[in-house]
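Notes for the structure review
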Amino acid sequence: MSCQGNTMLETKSQVNRRAVTDALGFPALMLVASMTGFGSLARESGLTLGVALGSTAGIWGLPGQVALAELHAAGVPALLVILAVSLANARFLPMAVSFIPLMRGGARSYGWMFLFVQLMSINSWAAGLRNFPEIAPDMRLRYYILFALICMAAGLIGTVLGFVGVVAMPRPIALGLIFLNPLFFAVLLAGSTGRPAILALLVGIPLGPIFHMVSPNWGLLATGVIGGTIAFWISRRVESARGDG
Amino acid sequence: MDSFSASGLWLLLSGAIAGTYLWRGLGVILASRINPSGPIFQWITCVSYAMLSGLIARMVLLPVGPLVESPLLIRVIGIAVGLGVFFLFGRRVLHSVFAGLIAFIALTLL
């Protein structure tokens, strides 16, 4: 019995319907569009369709996927590529930490979370945080899995569209598809909030190209570690100076 | 040679997947045992964000792939239009990306 009010979704069919309608709007559209960009970049970077689809399903985070394609095309040694992809997706750690406990009610065994966490992306994470208060705790996992699977299907469709489209389209449009990658990032990151994140973004802009000219292999990693540390240090200093740290 | 480079690609992808999953799996282990707004996470977030904006700036200013075919000015204008629409017209991601894309393609066609 629920005492949370009458808007709480409790039955399987209610939750299924909600997950499908939530996912098939903006999230699916955005994933098709952004992964179309990735698919086109993957092909132009010399990845096969299988590897491109494997990146979408396996990495399942646009920043890491784009880093993989870009650094591979630039001929960066494999170990440095892997390190950069990993760091580009480091946000999954704090995301999982804040998200997983919200779904505990629905898991038969907690061990399954190690499988389900692979489906997590910024879309399913944001949808969960927004909609879980209206969904019974033991139904949240169902909502998340359904929502996330639809997102992944949309991402895989986009990857194929881009992979095929970049050679089928006239060159200006094909270049536009590849241009979607930095464009999507720029717009998505422009919506970031919080002083440390915004500072890190601003510091990274000049450091990225400069460090790339110094060393194409290490440039991206150095940008992250040095730029990120500078931004972290400045924001800590500002916080303690204001006494709100 | 081709089959070797293909298996090399899959090996690279496996490493990339493992390197990404590391964060996800660690997140499950640490879930609710650690404060996600603590200083270590804040530092990791900063590193990630600096890398991402650095990557974007490099892709736009010093592309390594096919984007070298398009003039620098057009790439910069495309990003500027995307960001401009985002900040001026209600922070809508898809609208902004679409506007930047149309600007980029239209200028490339000219």
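Further up the page is the structure itself.
First, a word on scope: everything that follows refers to the structure included in this document. Quantities reported herein were computed from a predicted structural model and do not represent experimental measurements. (Residues numbered from 1 in each chain as written. Chains lettered and ligands numbered in written order. Predicted model: local features only at pLDDT ≥ 70, side-chain atom pairs only at ≥ 80, totals over all residues.)

1. Examining the nonpolar core
Operational definition: Nonpolar core, as used here: buried Ala, Val, Leu, Ile, Met, Phe, Trp, Tyr and Cys residues forming one set through C-beta atoms within 7 Å. Around each residue's C-beta, the other C-beta atoms within 10 Å are counted; 20 or more make the residue buried, 12 or fewer make it exposed, and counts in between make it partly exposed. All C-beta atoms are placed from the backbone. Working definition of a contact: two residues with C-beta atoms, positioned from the backbone, lying within 7 Å.
The biggest cluster of nonpolar side chains holds 112 residues, and the ones touching the most others in it are A:A84 and A:A96. Once residues lying within four places of it in the same chain are set aside, the contact partners of A:A84 are A:A67, A:L71, A:L220 and A:L221.

2. Structural notes on helix α2 (residues 26–44) of chain A
Which entries qualify depends on this criterion: Secondary structure follows DSSP: runs of H or I at least 4 residues long count as helices, runs of E at least 2 residues long count as strands, and numbering of each begins at the N terminus. Any helix carries an expected span of 1.5 Å times its number of residues minus one.
Helix length check: α2(A) (19 residues) gives 27 Å between terminal C-alpha atoms against 27 Å at 1.5 Å per residue, within 8%. Looking one or two residues beyond α2(A), the residue adopting positive phi is A:G46, at roughly 90°.

3. A word on helix α3 (residues 49–58) of chain A
Residues and elements named next belong to chain A. Rules: Think of the arc as the fan of directions from the helix axis to the C-beta atoms.
The set of residues buried in α3 consists of V51, A52, S55 and T56. Within α3, the buried residues cover an arc of 140° as seen down the axis, which keeps them to one side. Where α3 ends, the next residue or the one after it, W60, has phi of about 50°, a positive value.

4. Points about the packing of helix α5 (residues 78–88) of chain A against helix α12 (residues 219–242) of chain A
A pair of packed helices can be characterised by two numbers: the angle between their axes and the separation between those axes. Residues and elements named next belong to chain A. Condition: Lines are fitted to the C-alpha atoms to define the axes, a helix being fitted only along its stretch in contact, and any angle between axes, read from their N-to-C directions, falls within 0 to 180 degrees. Should the near helix be turned anticlockwise from the far one by less than a right angle, the crossing is termed left-handed; should it be turned clockwise, right-handed.
As a packed pair, α5 and α12 sit with axes 9 Å apart at the nearest point and diverge in direction by 35°. Helix-helix and strand crossings are classified by hand; for α5 and α12 the assignment is left-handed. Of α12, the residues touching α5 (which contributes L80, L83, A84 and L87) are L220, L221 and G224.

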